[in-house]
Amino acid sequence: MGAGLQFAAAILLFLFAGRWLDERLGTEPWLLLTGVLVGAVGGFASLYHQLVIVPRERERKRREEESR
């Protein structure tokens with residue numbers, strides 16, 4: 001559940017940052033769209049790391065400790 005919330009939070013954070021910059025710079029909707037894309041890519045990378053890489057590393061360490 002925490003990983004999903006982190007994914008959503010990354011998208012929302014960059015969405016609002018892009019929206020705020022669009023209002024300041026008058027570039028609507030380009031920075032908002034860029035922010036959503038950056039947030040989604042970053043959120044997905046974090047989600048992948050937490051759900052795939054971290055368990056794989058834990059398993060590797062566990063196997064190394066058992067083989068000693």
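Our structure is the block above this text.
For the structure given in this document, a descriptive report is provided here. Here the structure is a predicted model, which is why all the values come from computation and not from measurement.

Calculation rules
Residues numbered from 1 in each chain as written. Predicted model: local features only at pLDDT ≥ 70, side-chain atom pairs only at ≥ 80, totals over all residues. Heavy atoms only, no water. Helix = DSSP H or I, 4+ residues; strand = E, 2+ residues; numbered from the N terminus. Buried < 20%, exposed > 50% of the residue type's maximum accessible area, 1.4 Å probe, protein only. Contact = heavy atoms within 4.5 Å. Lys, Arg positive; Asp, Glu negative; His and termini not counted. Charge placed at Lys NZ, Arg CZ, Asp CG, Glu CD. Expected span 1.5 Å × (residues − 1). Axes fitted to C-alpha atoms, helices over the stretch in contact; angles between N-to-C directions. Parallel < 35°, antiparallel > 145°, perpendicular 65-115°, else oblique. Left-handed = near helix turned anticlockwise from the far one by under 90°. Nonpolar A, V, L, I, M, F, W, Y, C, P; charged D, E, K, R; others polar.

1. Points about the overall build of the protein
Point 1. Counting its regular elements, the protein contains 2 helices and 0 strands.
Point 2. With the principal axes as the frame, the protein shows a C-alpha extent of 60 × 20 × 10 Å.
Point 3. Looking at the protein as a whole, 12% of its 68 residues qualify as buried.
Point 4. Across the protein, every contact between residues at least 6 apart in sequence was considered, and the portion connecting residues at least 24 apart equals 45%.
Point 5. Measuring between centres, the 9 positive side-chain charges of the protein sit 5 Å from its 8 negative side-chain charges.

2. What about unusual backbone geometry?
Point 1. Cis peptide bonds are those with omega within 30 degrees of zero, and the linkage from E28 to P29 qualifies with -5°.
Point 2. When you line up the elements, P29 lands in the loop between helix 1 (2–25) and helix 2 (30–67).

3. Description of helix 1
Point 1. For helix 1, with 24 residues, the first-to-last C-alpha span of 34 Å sits near the 34 Å given by 1.5 Å per residue.
Point 2. Along helix 1, the positions that sit buried rather than exposed are A3, A10, G18 and D22.
Point 3. Contact partners of the buried residues in helix 1: helix 2.
Point 4. G26 sits one or two positions beyond helix 1 and adopts a positive phi of about 70°.

4. What about the environment of L12?
Point 1. Relative to the helices and strands, L12 is located in helix 1.
Point 2. Sequence separation of L12 and T34 is 22 residues, and the distance between their C-alpha atoms is 12 Å.

5. Side note on the packing of helix 1 against helix 2
Point 1. Here helix 1 crosses helix 2 at 160°, and the two axes come no closer than 7 Å. Here helix 1 lies roughly antiparallel to helix 2, going by the angle between them. Our pair here, helix 1 against helix 2, has a crossing hand that is right-handed.
Point 2. Its residues placed into classes, the contact of helix 1 with helix 2 shows 16 nonpolar, 8 polar and 2 charged.

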